[in-house]
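For reference, the chains in residue letters:
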Amino acid sequence: MVRRNTKHAIALSLIQAVSSLYAEEWASGALPSSVDQRLQISSEEHTYFSEELKPSAEGLQVGPYLEDSKPKVSICTQLTQEGKWQLIFNFPSAVSVDVQAEGSRVYLDFNQGVDSQDLVQVQQQMGTLIKRISTGYHRLEFFFQRPVEIESYVVDKTFELSVAPDLEICQTPTRDAKFSLARLFMEERWYAKTACYLKQLEKEYPCHPNLRVLEATLENLLPRWQRSYAILRDLNEQYPYQDDFRRLMYDVYCPHAPYALAQEQYQRTIGLARVYLTSFQAEARVSCSACAFNYVGGIFQPWYGRFTNIVYSDGTLAPFQSERNQGTLYARRELESGVSMSALMYAQDSTLGGGAKLGYLWTAIQGHVLLEANWHRPCWEVFEAYAFQGREDAFRVEVDAVLNRYLNVAGKGGMRRVGITGVPNGYISALSSADVFWNLKLLHPQLTLNYGLDGEYIIYEKQSIGSNGEPFTPVPYQTFEYHSLRLYLYHSVRDRLFLMMYGGETINRYGGMMAPTYGIDLRYVKPCPCGLEIDLSAYRFPSLIVSGATSDYYTAMITLRF
């Protein structure tokens, strides 16, 4: 090696000396003949330098060596009927392997190279079980999603590894798995159980944003919407660039935001009456605190009615056509605990009245209780009440409960007294109503089967003597008990556009009447800020005024929220 390097240096020095002496001539391409003669070398010297300057071939056999020793291993996978994965390794020569397994890790050390392109296919086929594979020249290390049980066999050139999840080992749930379980509890409508579980998670993951969203969702379902709104508002302030928190906050707040509403409704009882009812309604929030929101609002309803025949005060039957007005002022207080209180004042032409409502969140039944009392509330459920300033004194109790994600129930009971001008005690009745909703399909579109009971039973009815000497009823009303079976379809047509349709059959147990009932409702909702709601609907169901008649309702409504 020293000799070769010395000769290389001598040759390089000779070339540099010649090039410095004859640089100009060399550049012009004309070298002196003497120089040309000096640079000529003998054939022996040429052969010598060629052999010495040729790169050495020693140690350059690595390429062919590696090519010959590249592992020619094939790996195939099979899934047995017992749910086990089998990995079959086929080697070019007899194989021995050291197998080590611990929990979800399996280490294999072979006596020969095992690097194979088939490992890519193994990873794809067993992706639900294998987390990753670490490879070396003669080793493999498998990292599985969960603890596994293994069995291994060696037969000459074949090695077989059998892998199955260890079902007897309980996995420690991850954070996302715990959050998913809480979400499942809410979907099953187990609100009390969800609340306890979320308190446990709060100790493990305090102030985690996803956990806070779950808490807000639960509060809104109860509903304690003020708490839900406060949680989402805090998240929005903490993460101002997260649009999801802002959108959820507005979705919760929008149904309780101040609003202005205009509605036009056409009511028709076929062959008997036509009523055009207009409503103007507004509500404003006057104050709010950490535990309560206070509202004031008002409703003004002018109407125009035309009836084929009504009973006049002398007992005669005659057509009626006129305009009437009624209005309502109210104040409402909603507490974050789910309690709501309302005070109302009614006015109908020259008649005044009042009322009160108390709502209570009853967590034991995962539902609500509403108590309502009214005095001289405008009542337009009878044709004569439309014409002669009908009013009611009533007390009602309403209860609704969520049994699970598939079954909801609601019921109502009470009593009322209805009168008109000059006849304060037209009739007294008992009220009853019940609804059972069974969700057949929860995903879009949602299908719900409904059984409904709606009944009113006359306890007392005023009788008078007409001008012709015949007895008559100044406020004619009839006992009824409707049983309905309906199928509802709820579908989100597109973002913020919702469709509801229903159809079914209704039977009046007292009147012996059977009639189809159906309806459709198309609603567009844009949440706050600058919320907008447009609602178009059409319904048909048996008349509650005249037995055997059918009533149609066509409504258009627009609501602005602030």
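Thresholds applied
Residues numbered from 1 in each chain as written. Predicted model: local features only at pLDDT ≥ 70, side-chain atom pairs only at ≥ 80, totals over all residues. Heavy atoms only, no water. Helix = DSSP H or I, 4+ residues; strand = E, 2+ residues; numbered from the N terminus. Contact = heavy atoms within 4.5 Å. Areas by Shrake-Rupley, 256 points an atom, 1.4 Å probe, with all protein chains shown as cover. Core = buried A, V, L, I, M, F, W, Y, C linked by side-chain atoms within 4.5 Å. Buried < 20%, exposed > 50% of the residue type's maximum accessible area, 1.4 Å probe, protein only. Pairing = 2+ DSSP bridges. Axes fitted to C-alpha atoms, helices over the stretch in contact; angles between N-to-C directions. Salt bridge = Lys/Arg side-chain N within 4 Å of Asp/Glu carboxyl O. pLDDT = per-residue confidence, 0-100. Phe/Tyr/Trp six-rings, centres within 6.5 Å; stacked < 30°, edge-to-face > 60°. Parallel < 35°, antiparallel > 145°, perpendicular 65-115°, else oblique. Left-handed = near helix turned anticlockwise from the far one by under 90°. Nonpolar A, V, L, I, M, F, W, Y, C, P; charged D, E, K, R; others polar.

### What to know about the overall build of the protein
Within the protein one finds 12 helices and 26 strands. Once local pairs closer than 6 in sequence are excluded, the contacts in the protein between residues at least 24 apart make up 50%. Counting only carbon and sulfur atoms, one obtains 58% of the accessible surface of the protein, whose full area is about 31,600 Å².

### Some details on the nonpolar core
Counting 23 residues, the largest nonpolar core has Phe89, Leu108, Phe110 and Phe144 as the members making the most contacts within it. Going through the elements one at a time, strand 2 (85–90), strand 4 (105–110), helix 6 (118–125), strand 6 (139–144) and strand 8 (158–165) are the ones with two or more residues in this core. Setting aside chain neighbours within four positions, we find Phe89 in contact with Ser74, Ile75, Leu108, Phe110, Val114, Leu140, Lys157, Thr158 and Phe159.

### Here we look at the sheet that holds strand 4
Taken together, the four strands give an open sheet; going across it, the order is 3-4-6-5, and neighbouring strands pair in antiparallel fashion. Each edge of the sheet is formed by a strand with only one pairing partner; in this case those strands are strand 3 (97–102) and strand 5 (130–135). Across the sheet, the mean angle separating the axes of adjacent strands is 10 degrees when strand polarity is ignored. Where strand 3 lies against strand 4, six bridges are found, and the strand directions are antiparallel. Along strand 4, the bridge assignment pairs Glu102 with Arg105. Contacting strand 5 and strand 6, helix 6 crosses the sheet at an angle of about 165 degrees to strand 5.

### What to know about the pattern of salt bridges
The final tally for this structure, using the stated rule, is 21 salt bridges. A salt bridge links Arg377 to Glu392; its shortest N-O distance comes to 3.4 Å. On the criterion of sequence distance, the pair formed by Arg377 in strand 15 (residues 367–378) and Glu392 in strand 16 (residues 391–402) is long-range, its members being 15 residues apart. With relative accessibility at 30%, the residue Arg377 sits in the partly exposed group. Overlapping salt bridges bring together Arg377, Glu392, Arg396, Arg416 and Glu456 as one network.

### Some remarks on the pairing of strand 11 (residues 292–311)
When strand 10 (residues 273–288) meets strand 11, the two strands line up antiparallel, connected through 13 bridges. Bridging from a neighbouring strand, Ala284 pairs with Val296 of strand 11. Counting the residues in the hairpin turn of strand 10 and strand 11 gives three residues. Strand direction decides the pairing type here: strand 11 and strand 12 (residues 317–335), joined by 18 bridges, are antiparallel. Among the inter-strand pairings, Val296 is bridged to a residue of strand 12, identified as Ala331. Connecting strand 11 to the antiparallel partner strand 12 that follows it, the hairpin turn spans five residues, and Gly315 within it adopts a positive phi of roughly 90 degrees.

### With respect to the confidence of the model for the protein
Predicted confidence across the protein gives a mean pLDDT of 84, with 85% of residues reaching 70 or more. Predicted confidence for residues 1–12 stays below pLDDT 50, and this span has eight contacts to residues more than four positions away or in other chains.

### Thoughts on unusual backbone geometry
A cis geometry characterises the amide bond from Leu222 onward to Pro223, with omega recorded as -5 degrees. By the secondary structure assignment, Pro223 is in the loop between helix 9 (209–221) and helix 10 (225–238). In this structure, the amide linkage connecting Cys528 to the following residue, Pro529, adopts the cis form with an omega of 5 degrees. You can see Pro529 is positioned in the loop between strand 24 (513–526) and strand 25 (531–542).

### Concerning the packing of aromatic side chains
Applying the stated rule across the entire model yields 31 aromatic pairs. A ring pair is formed by Phe480 and Tyr482, whose centres lie 5.2 Å apart and whose planes are at 35 degrees; its orientation type is tilted. Just as Phe480 is buried, Tyr482 falls in that class too. When the ring of Tyr488 is compared with that of Tyr490, the centres are 6.0 Å apart and the planes differ by 10 degrees; the resulting orientation is stacked. Given the relative accessible area of 12%, Tyr488 is considered buried. Classification of Tyr490 by relative accessible area gives partly exposed; the value is 32%. Members of the aromatic cluster, joined through ring pairs, are Trp303, Phe307, Tyr312, Phe320, Phe383, Tyr386 and Phe388.

### Digging into the packing of helix 10 against helix 11 (residues 243–253)
Relative to each other, helix 10 and helix 11 sit at 160 degrees, their axes nearing to 9 Å. With respect to helix 11, the element helix 10 is oriented roughly antiparallel. Judged by the sense of rotation from one axis to the other, the crossing of helix 10 with helix 11 is left-handed. Residue-level contacts link Trp225, Ser228, Tyr229, Leu232, Arg233, Leu235 and Asn236 of helix 10 to Phe245, Arg246, Leu248, Met249, Val252 and Tyr253 of helix 11. In terms of residue class, the contact of helix 10 with helix 11 is made up of nine nonpolar, two polar and two charged.

### Considerations on the environment of Gln263
Looking at the element boundaries, Gln263 is found in strand 9 (residues 259–269). Among all residues touching Gln263, those that are not within four sequence positions of it are Leu277, Thr278, Ser279, Thr555, Ala556 and Met557.

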